[in-house]
Amino acid sequence: MARTSLRDTSNGKIFSTANLIFGIGQISKMTDVSTRQLRYWESKGYIKPKEREDGNTSRLYGYDTFLKVSGIKLMLDEGYTLAASVERTDALMAEAFNIRGFLLDAYHGQATIDGNTMLDLGYFDEDHTQRLYARRTEDNRVHYVVKPENGAN
DNA sequence: GTTCTTACA
DNA sequence: TGTAAGGA
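Now for a quick tour of the structure. In this text the structure is predicted, and so the values were computed from the model without any measurement.

Calculation criteria
- Residues numbered from 1 in each chain as written.
- Chains lettered and ligands numbered in written order.
- Predicted model: local features only at pLDDT ≥ 70, side-chain atom pairs only at ≥ 80, totals over all residues.
- Heavy atoms only, no water.
- Near = heavy atom within 4 Å.
- Polar contact = N/O pair within 3.5 Å; in protein donor to acceptor, adjacent residues only side chain to side chain.
- Nonpolar A, V, L, I, M, F, W, Y, C, P; charged D, E, K, R; others polar.
- Pairing = 2+ DSSP bridges.
- Helix = DSSP H or I, 4+ residues; strand = E, 2+ residues; numbered from the N terminus.
- Axes fitted to C-alpha atoms, helices over the stretch in contact; angles between N-to-C directions.
- Phe/Tyr/Trp six-rings, centres within 6.5 Å; stacked < 30°, edge-to-face > 60°.
- Buried < 20%, exposed > 50% of the residue type's maximum accessible area, 1.4 Å probe, protein only.

**Re the protein's contact with DNA strand B**
Here is step 1 of the chain: What surrounds DNA strand B is the set Ile 24, Gly 25, Arg 39, Thr 57, Ser 58 and Arg 59.
Here is step 2 of the chain: The sugar-phosphate backbone supplies 94% of the atoms of DNA strand B found within 4 Å of the protein.
Here is step 3 of the chain: Contact between DNA strand B and Gly 25: a phosphate oxygen at 3.0 Å from a main-chain N or O atom of the residue.
Here is step 4 of the chain: Here a phosphate oxygen of DNA strand B and a side-chain polar atom of Arg 39 are 2.5 Å apart.
Here is step 5 of the chain: The residue inventory of the surface near DNA strand B, partitioned by class, reads 1 nonpolar, 3 polar and 2 charged.

Structure representation (structure tokens):
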């Protein structure tokens, strides 16, 4: 039995948001964006309800749409136009997902080094003789450590 | 009670 | 974009 890895969080296993589905009323209350606005944004192609095969015509939105609406609303409140808010939110979400994917691939587990819990970021060199570790300090700065793979310093 | 479309202010 | 109408 394979150990559950963080990668499983992005392919629909644990911590999945696949079943997090909301109606237009829920999204409206969660984001403080009116149902009128949500339907209007849909007409402009900014958001899209989930496809549904049953005959029901009421809109259902996924977690991703909730995040997008939240972002757009935030930008809107900061004074950006709707179009600009959508553009900026799309860019931010793309960055966020890129970062998440990168981290999932870079993370190789935890290790205790000199009494500190650090992230094992895998091999540091092409020859695979050293590993890179990182941790955040108390003031949220990132501290890196490179150690020989065999542990013999 | 909630959501949908259409229409008007 | 809010609100109202008339249905589903």
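**Side note on the sheet that holds strand β3 (residues 110-113)**
Here is step 1 of the chain: Within the open sheet, the 4 strands sit side by side as β3-β4-β5-β6. Their pairing is antiparallel. The open sheet has two free edges, formed respectively by β3 and β6 (142-148), since each of these has just one partner strand. Strand after strand, the sheet turns through a mean of 40° between neighbouring axes, direction not considered.
Here is step 2 of the chain: Relative to strand β5 (residues 130-136), strand β4 (residues 116-123) is paired through 3 bridges, and the arrangement is antiparallel. Bridging across to β5, Asp 120 finds its partner in Tyr 133.

**Considerations on the packing of aromatic side chains**
Centre distance and the angle of the planes are the two values used to describe a pair of aromatic rings.
Here is step 1 of the chain: By the definition in use, this model includes 2 aromatic pairs.
Here is step 2 of the chain: A ring pair is formed by Phe 22 and Phe 66, whose centres lie 6.2 Å apart and whose planes are at 55°; its orientation type is tilted. Pair noted here: Phe 22 is in strand β1 (residues 22-23) and Phe 66 is in helix α3 (residues 63-77), with a separation of 44 residues, a long-range link.
Here is step 3 of the chain: Accessibility expressed as a relative area gives 14% for Phe 22, which makes it buried.
Here is step 4 of the chain: Measuring from ring centre to ring centre gives 5.8 Å for Tyr 63 and Phe 66, while their planes differ by 40°; the resulting arrangement is tilted. Taken together, the positions of Tyr 63 and Phe 66, both in helix α3 and 3 residues apart, correspond to about one turn of that helix.

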